[in-house]
Number of protein chains: 2
Amino acid sequence: MKNNENTLHFDRVALIGIGLIGSSLARVLRRDGLAGHIAVCSNTHATLDKAKELGLADGSEYDARQAVDGADLVVLCTPLGAYGRIAEVMAPGLKPGCIVTDVGSVKQCVISDVGPHVPEGCHLVPAHPVAGTEHSGPEAGFAELFHDRFCIVTPPPGTDQAAVDTVIALWKAAGSKVESMSAHHHDSVLAMTSHLPHLIAYTIVGTATDLSDHLMMEVVKYSAGGFRDFTRIAASDPVMWRDVFLSNRESVLDVLGRFTEDLTALQRAIRWGEGDKLQELFTRTREIRRGVIDAKQA
Amino acid sequence: MKNNENTLHFDRVALIGIGLIGSSLARVLRRDGLAGHIAVCSNTHATLDKAKELGLADGSEYDARQAVDGADLVVLCTPLGAYGRIAEVMAPGLKPGCIVTDVGSVKQCVISDVGPHVPEGCHLVPAHPVAGTEHSGPEAGFAELFHDRFCIVTPPPGTDQAAVDTVIALWKAAGSKVESMSAHHHDSVLAMTSHLPHLIAYTIVGTATDLSDHLMMEVVKYSAGGFRDFTRIAASDPVMWRDVFLSNRESVLDVLGRFTEDLTALQRAIRWGEGDKLQELFTRTREIRRGVIDAKQA
């Protein structure tokens, strides 16, 4: 493993999980020649075959311990719920100096679930590339997915700085803007910017599916009025998102509580015909869009 | 006014209100030479000046009664809350045979607020082009806005068929796919596909604005995780949407009640760690996206 001013190179990278994010990262490693060898691990043989077929895997392993053998970089790219078990299985195979990182959407749980298994002399540097699409699987990935997106690293206090710098260099190579913050702060911010929006999108699309078949067909037909945008978000990977909500329970329930209060107040304003309250809110929210556009996130 | 197999032409069209939708319709009329004269009415002088500057108005009037003078087609393009008052003011100026239509997002209220003012011999044909952007004002419009979008007409039973056919021909000229249904049914379907999504987007963006300034800045910064899509919807015209919620109160409160129940159930599943329930819902909602894609609404 090298990370000099001009050279980032890993002898062996192990990707544990190879879905949308893992396969996109594999494509970056391939494109830029960042890895001498990529070992891919999945608990689904069809996924391993697909990764090989796509030219993303030099070796493929069903067993995480085999996959990490000799690796100087291990990247967990599975749903969050599998992290603890994988960490336990792979731990005895980690070579000294190895960096263990991940791409999960919640970060405190990585430190609590994976951290205890990482041996002395290896380094845990949790990371979260804030990027994705509603598609999943190794064939859904593309190298440009991370370009101009943020990647947030949340190394626990005391983490080896060289290891942190290497993970930062990796995501910069992928084209990302890298920020560092505490795992706790990450989980609060993302609960609002990502987890709550997904939860709400899943809910409203679910509410629509409970309508009569005839009405449901019309909802789909006339979805351009706003509903459509929610269906895209609510098409995201079910297992990944199940684990996000279970892993970031406290922060999600906190922002959800605030949201529900606000929605109830709005419901009351509609029932009682309080147009001023509605207009005041709708004018305020319009300002936020300007902020998003100014921040070049639109 | 002519509506033969190959010819749709109005001698005088009055557009009451000239925002995003009204100005887009004016551009269609201009592009296809469908109107001999376009009279534009607005309660804002700056808007009238802008409409003239854009070449969308042959005449401009501050007073709705003056604007409809001699018109064979009158199109209400203001927020819904203004319809009743405008109808009362313009009614004495409507010429026999005139068609009164509109572009509002709720339809029962058009029949109840405008209907009683339309004199014998004139024809009320409510219509709703299901199209829009988050921008407003006459400069935000464009002739292609309605292309390949649905337009729903909701003529009350007994409406003159020639008048209905003329309004249908107008929207077909704009490139829309025209459907006909009852105003009541329209309002139920749109409450789900459009009004509830907007209400939720306004709420979540409002919830975010109540965060501390520092946290709010980060929410904007990392908005690509899902929040961004909501900010676009929540940037829609505040007065227009205030009136939509007040005008479709019953249907909006109905779907909102269903949504809140479903959200509460999901909140409980998160709190108690019921992953199976989450995954089952998230898998179900993914199917809907396929429906939207199959219906070519994606």
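Remember, it's a predicted structure, so these values are computed and weren't measured experimentally. (Residues numbered from 1 in each chain as written. Chains lettered and ligands numbered in written order. Predicted model: local features only at pLDDT ≥ 70, side-chain atom pairs only at ≥ 80, totals over all residues. Heavy atoms only, no water.)

Caption draft 1: Expanded view of the sheet that holds strand β10 (residues 177–180) of chain A. Residue and element names in this part refer to chain A. Judged by pairing direction, the sheet is mixed, and its 3 strands sit side by side in the order β8-β9-β10 without closing on themselves. One side of each edge strand has no neighbouring strand; the edge strands of this open sheet are β8 (127–129) and β10. Recorded for the sheet is a direction-independent mean angle of 20° between the axes of neighbouring strands. Relative to β10, strand β9 (residues 150–153) runs parallel, the two being bridged by 4 bridges. When the bridges of β10 are listed, F150 appears paired with K177. (Pairing = 2+ DSSP bridges. Helix = DSSP H or I, 4+ residues; strand = E, 2+ residues; numbered from the N terminus. Axes fitted to C-alpha atoms, helices over the stretch in contact; angles between N-to-C directions.)

Caption draft 2: Broad picture of the packing of aromatic side chains. Taken as a whole, this structure holds 11 aromatic pairs over all chains when the rule is applied. Plain terms: the ring middles of F146 of chain A and W171 of chain A are 4.9 Å apart, the flat faces sit at 80° to each other, and that makes the pair edge-to-face. With F146 of chain A in the loop between β8 and β9 and W171 of chain A in helix α6 (residues 161–173), this residue pair connects regions lying 25 residues apart in the sequence. Each member of the pair, F146 of chain A as well as W171 of chain A, carries the same accessibility label: buried. Consider the rings of F150 of chain A and Y222 of chain B, whose centres lie 4.9 Å apart with planes at 70°: the pair is edge-to-face. Taken together, the positions of F150 of chain A in strand β9 and Y222 of chain B in the loop between α8 (213–221) and α9 (227–233) put the pair across two chains. For F150 of chain A, a relative accessible area of 10% corresponds to the buried category. Through a chain of ring-to-ring contacts, three or more aromatic side chains come together here, namely Y202, W241 and F245 of chain A together with F282 of chain B. (Phe/Tyr/Trp six-rings, centres within 6.5 Å; stacked < 30°, edge-to-face > 60°. Buried < 20%, exposed > 50% of the residue type's maximum accessible area, 1.4 Å probe, protein only.)

Caption draft 3: Focus on the domain arrangement of chain A. Residues and elements named next belong to chain A. Split by domain assignment, chain A resolves into domain 1 (2–181) and domain 2 (185–294). Summarising the inter-unit geometry, the C-alpha centres of domain 1 and domain 2 are found 31 Å apart. At the junction of the two partners, domain 1 supplies 15 residues and domain 2 supplies 15 residues. Linking domain 1 with domain 2 are 1 salt bridge. Close ionic contact of R232 with E134 constitutes a salt bridge, the shortest N to O distance being 3.6 Å. A breakdown of the residues in the side of domain 1 that touches domain 2 according to their chemical character gives 7 nonpolar, 6 polar and 2 charged. (Domains from an automatic or database assignment. Contact = heavy atoms within 4.5 Å. Salt bridge = Lys/Arg side-chain N within 4 Å of Asp/Glu carboxyl O. Nonpolar A, V, L, I, M, F, W, Y, C, P; charged D, E, K, R; others polar.)

Caption draft 4: Quick look at the confidence of the model for chain A. Residue-level pLDDT values for chain A average 94, and 99% of them are 70 or greater. The complex model carries a pTM of 0.91, and its ipTM stands at 0.91. (pLDDT = per-residue confidence, 0-100.)

Caption draft 5: Representation of the environment of H9 of chain A. For H9 of chain A, the location among the structural elements is in strand β2 (residues 8–16). Residues within four places of H9 of chain A in sequence aside, it is in contact with M1, K2, G33, L34, A35 and G36 of chain A.

Caption draft 6: Quick look at the pattern of salt bridges. In this structure the tally under the stated criterion is 27 salt bridges over all chains. Bridged by salt links that share partners, the residues E134 and R232 of chain A together with D229 and R289 of chain B form one connected network.

Caption draft 7: Quick peek at the packing of helix α11 (residues 249–271) of chain B against helix α12 (residues 275–294) of chain B. Residues and elements named next belong to chain B. The N-to-C vectors of α11 and α12 enclose an angle of 135°; their axes lie 8 Å apart at closest approach. The pairing of α11 with α12 is recorded here as oblique in orientation. Across from L266, A269 and I270 in α11, the residues of α12 making contact are K277, L278 and L281. Grouping the constituent residues of the contact of α11 with α12 by class yields 5 nonpolar, no polar and 1 charged. (Parallel < 35°, antiparallel > 145°, perpendicular 65-115°, else oblique.)

Caption draft 8: A look at the interface of chain A and chain B. Contact residues are listed per partner, giving 89 residues for chain A and 89 residues for chain B. Approximately 8400 Å² of surface area, both sides summed, lies buried where chain A meets chain B, with 70% of it carried by carbon and sulfur atoms. In this structure, the connection of chain A to chain B is made through 7 salt bridges. One salt bridge in this structure joins E134 of chain A and R289 of chain B, with 4.0 Å as the shortest N-O distance. Sorting the residues of the side of chain A that touches chain B by element identifies β9, α7 (183–209), α8 (213–221), α9 (227–233), α10 (238–247), α11 (249–271) and α12 (275–294) of chain A as the ones contributing at least two each. With 18 residues, the single largest contributor to the side of chain A that touches chain B is α7 of chain A. A per-class count over the side of chain A that touches chain B returns 46 nonpolar, 24 polar and 19 charged. (Buried area = accessible area lost by both parts, 1.4 Å probe.)

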